[in-house]
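The lines below spell out each chain.
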Amino acid sequence: MNRNNSLFIRPIMAMTLLVLASLAGCASWDAQNKESLLTAAGFRTRTPTTANQQAMFNRMTPYKVERHIRNGKVLYAFADKQNNVVYLGGENEYQKYKQLALQQSIAQDQIEAAQINEETSMYDDFGPYWGPWNIWW
């Protein structure tokens, strides 16, 4: 990697790390992240209004996408128990959600790989200053 690219990438990586670290500190970040992905994939939100809907909502596993078949049609549901909301989508929305989650996972892996590369290249900058200790690097 040439020095100009390295000088440009380091601040970006630092900002990315800062944002991720602040988000990782939130206990509900994973649920919020899923909700954002579900919304981006086209899932609709519904609030249980009838006693039957509320009973179904109460039986759902919180913060997990569940597959149901209703009237011969596949339906995916995600219960946000804290906000009393259900995210609903069909097969197309679910496939889009999985695609978005995979893209996010790949992006996260790339960030982590860049961090490792950055840490490794940091030792190269010391070069001759390490003298005889340089043989370990």
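Use the structure listed above.
Attention in this report is confined to the structure presented alongside it. What you are looking at is a predicted structure, and each value in this text was computed from that prediction instead of being measured.

Quick look at the nonpolar core
Here comes step 1: With twelve residues, the main nonpolar core is built from Leu-37, Leu-38, Ala-41, Phe-43, Val-65, Tyr-76, Phe-78, Val-85, Tyr-87, Tyr-94, Tyr-97 and Leu-100.
Here comes step 2: Counting residues per element, the ones that place at least two in this core are helix H2 (29-41), strand S3 (73-80), strand S4 (85-89) and helix H4 (91-124).
Here comes step 3: In this view, Leu-100 contacts Leu-37, Ala-40 and Ala-41; residues no more than four positions away in its chain are not counted.
Here comes step 4: Phe-57, Met-60, Ala-77 and Ala-79 belong to the second largest nonpolar core, which has five residues in total.

A closer look at the environment of Thr-39
Here comes step 1: Locating Thr-39 in the fold gives a position in helix H2.
Here comes step 2: Given a relative accessible area of 48%, Thr-39 falls into the partly exposed group.
Here comes step 3: Between the C-alpha atom of Thr-39 and that of Tyr-97, which follows or precedes it by 58 residues, the distance is 8.5 Å.
Here comes step 4: A polar side-chain atom of Thr-39 sits 2.9 Å from the main-chain carbonyl oxygen of Glu-35.

Structural notes on the environment of Val-86
Here comes step 1: Locating Val-86 in the fold gives a position in strand S4.
Here comes step 2: Judged by its relative accessible area of 10%, Val-86 falls in the buried class.
Here comes step 3: Expressed as a C-alpha distance, the spacing of Val-86 and Arg-46, which sit 40 residues apart in the sequence, is 5.2 Å.
Here comes step 4: Leaving out residues up to four positions away in the same chain, Val-86 has contacts with Arg-44, Thr-45, Arg-46, Pro-48, Phe-57, Met-60, Ala-77 and Phe-78.

So, the side chain of Asn-33
Here comes step 1: Mapped onto the elements of the fold, Asn-33 is located in helix H2.
Here comes step 2: Engagement of the side chain of Asn-33 in a polar contact is seen with the side chain of Gln-104, the distance being 2.8 Å.

A short note on the packing of aromatic side chains
Here comes step 1: Taken as a whole and judged by the stated rule, the model has five aromatic pairs.
Here comes step 2: Centre to centre, the rings of Tyr-94 and Tyr-97 are 6.1 Å apart; their planes meet at 40 degrees, and the pair counts as tilted. Residue Tyr-94 and its partner Tyr-97 are both found in helix H4; the two are separated by three residues, about one turn of the helix. Accessibility classification places Tyr-94 together with Tyr-97 in one group, the buried group.
Here comes step 3: Three or more aromatic residues joined by ring pairs form one cluster here, namely Phe-43, Tyr-76, Tyr-94 and Tyr-97.

What counts as what
- Residues numbered from 1 in each chain as written.
- Predicted model: local features only at pLDDT ≥ 70, side-chain atom pairs only at ≥ 80, totals over all residues.
- Heavy atoms only, no water.
- Core = buried A, V, L, I, M, F, W, Y, C linked by side-chain atoms within 4.5 Å.
- Buried < 20%, exposed > 50% of the residue type's maximum accessible area, 1.4 Å probe, protein only.
- Helix = DSSP H or I, 4+ residues; strand = E, 2+ residues; numbered from the N terminus.
- Contact = heavy atoms within 4.5 Å.
- Polar contact = N/O pair within 3.5 Å; in protein donor to acceptor, adjacent residues only side chain to side chain.
- Phe/Tyr/Trp six-rings, centres within 6.5 Å; stacked < 30°, edge-to-face > 60°.

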